[in-house]
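The lines below spell out each chain.
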Amino acid sequence: MEGIKNSEANILNTCYKVFIDRAMEWYGFAVHHVKLVKRKDSHMGVETGYKKCKDVPVLEVNFREETYKKLVDERDCLTEEVSDNLRDMWWDILHPYEEYIDRDQCFDNRMLIEPYSYEQRCFLDFISNRQNEVSSLLEEKLGKRPNRIYPSNKGFNIVYETVDYMFLGIGRKSKSLEKAIYEKAQDYVMEKYRESMDYPDFFVKFWNPNMRGYNGYWLWLG
């Protein structure tokens, strides 16, 4: 512990770095960064008995996309074994500093390990905050802005009026338009996060209200 300032924030930052290295060394898990949500801030609970529960800390683990896909199930949850291993590893890293931290806030033997895809989070930033730029790009390419853009956690559902969809030939142009939007997302991620990255699950789907399967309410839900 020599050379480490004994503030909780500095200690946690040190533990995060050790966690990233050890996750790769012990398990082959590629982790971009880790963040602890303390018990008082997490509002995530586990059952302790009949109609009883307690809030627990949460360790947010931002995996690289390739690792994330290997570890999560169809609900985007980690297996119990992986969660247990990472929870135990977190305490193994944290406990030498126990006298300098609030253990109750930083660890619980039933604390949650919350997995995220770092790449998905970066692209979701673009999806959530750059819809107007996507509309402008489509106006540049097609001469008309879309009627609506519905963001999801992995991409966009873009709606044109039926007459515009047909007249502009959007059906045959959809692949090239999707490529242009994806490249714009990559440029945004590179500028903001200082890293070139791919997100293969990124999608752009074009719709018009007369298409089979179109449901504006469903698209609004993402």
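Refer to the preceding data block for the structure.
Since the structure is predicted, the reported quantities are computational estimates derived from the model, not experimental observations.

1. So, the overall build of the protein chain
At step 1: Scanning the protein chain from N- to C-terminus turns up 10 helices and 8 strands.
At step 2: For the protein chain, whose C-alpha radius of gyration is 22 Å, the value lies well above the compact-globule estimate of 17 Å for 222 residues.
At step 3: When the backbone C-alpha atoms are referred to their principal axes, the protein chain occupies close to 70 × 45 × 25 Å.
At step 4: Here the protein chain holds 222 residues, and 43% of them are scored as buried.
At step 5: Considering only contacts within the protein chain whose residues lie at least 6 apart along the sequence, 66% involve residues at least 24 apart.
At step 6: Accessible surface, the protein chain: about 13000 Å² in total, of which carbon and sulfur atoms supply 46%.
At step 7: Side-chain charges in the protein chain split into 33 positive and 38 negative, and the spacing between the mean points of these groups amounts to 6 Å.

2. Remarks on the sheet that holds strand S8 (residues 203–207)
At step 1: An order of S6-S7-S8 is seen for the 3 strands of this open sheet, with the pairing classed as mixed. Each edge of the sheet is formed by a strand with only one pairing partner; in this case those strands are strand S6 (148–151) and S8. Ignoring which end each strand starts from, the neighbouring axes of this sheet average 20 degrees apart.
At step 2: Alignment of strand S7 (residues 155–159) against S8, held across 5 bridges, turns out to be parallel. Residue pairing for S8: Phe 156 is matched across the bridge by Val 204.
At step 3: Where helix H9 (residues 170–193) meets the sheet, it contacts S7 and S8, and its direction lies at approximately 150 degrees from that of S8.

3. Brief notes about the pattern of salt bridges
At step 1: All chains considered together, the criterion is met by 20 salt bridges.
At step 2: For Glu 8, the salt bridge is made with Lys 38, and the minimal N-O distance between the two is 2.2 Å. Highlighted residues: Glu 8 in helix H1 (residues 8–27) and Lys 38 in the loop between strand S1 (31–37) and helix H2 (39–42), separated in sequence by 30 residues.
At step 3: The salt bridge partner of Glu 119 is Arg 64, with a shortest N-O separation of 3.3 Å. Separated by 55 residues along the polypeptide, Glu 119 in helix H6 (residues 118–129) and Arg 64 in the loop between strand S4 (58–63) and helix H3 (65–71) bring together distant segments of the chain.
At step 4: Overlapping salt bridges, with partners in common, bring together Arg 39, Lys 54, Asp 104 and Asp 108 in one network.

4. A short note on unusual backbone geometry
At step 1: The phi dihedral of His 43 falls on the positive side, at around 55 degrees, and the residue is not glycine.
At step 2: Summarising the element assignment, His 43 is placed in the loop between H2 and strand S2 (44–49).
At step 3: Phi at Arg 194 is positive, roughly 60 degrees, even though this residue is not glycine.
At step 4: Taking the relative accessible area as the measure of exposure, Arg 194 reaches 69% and is therefore exposed.

Calculation notes
- Residues numbered from 1 in each chain as written.
- Predicted model: local features only at pLDDT ≥ 70, side-chain atom pairs only at ≥ 80, totals over all residues.
- Heavy atoms only, no water.
- Helix = DSSP H or I, 4+ residues; strand = E, 2+ residues; numbered from the N terminus.
- Rg over C-alpha atoms; globule rule 2.2 N^0.38 Å.
- Buried < 20%, exposed > 50% of the residue type's maximum accessible area, 1.4 Å probe, protein only.
- Contact = heavy atoms within 4.5 Å.
- Areas by Shrake-Rupley, 256 points an atom, 1.4 Å probe, with all protein chains shown as cover.
- Lys, Arg positive; Asp, Glu negative; His and termini not counted.
- Charge placed at Lys NZ, Arg CZ, Asp CG, Glu CD.
- Pairing = 2+ DSSP bridges.
- Axes fitted to C-alpha atoms, helices over the stretch in contact; angles between N-to-C directions.
- Salt bridge = Lys/Arg side-chain N within 4 Å of Asp/Glu carboxyl O.

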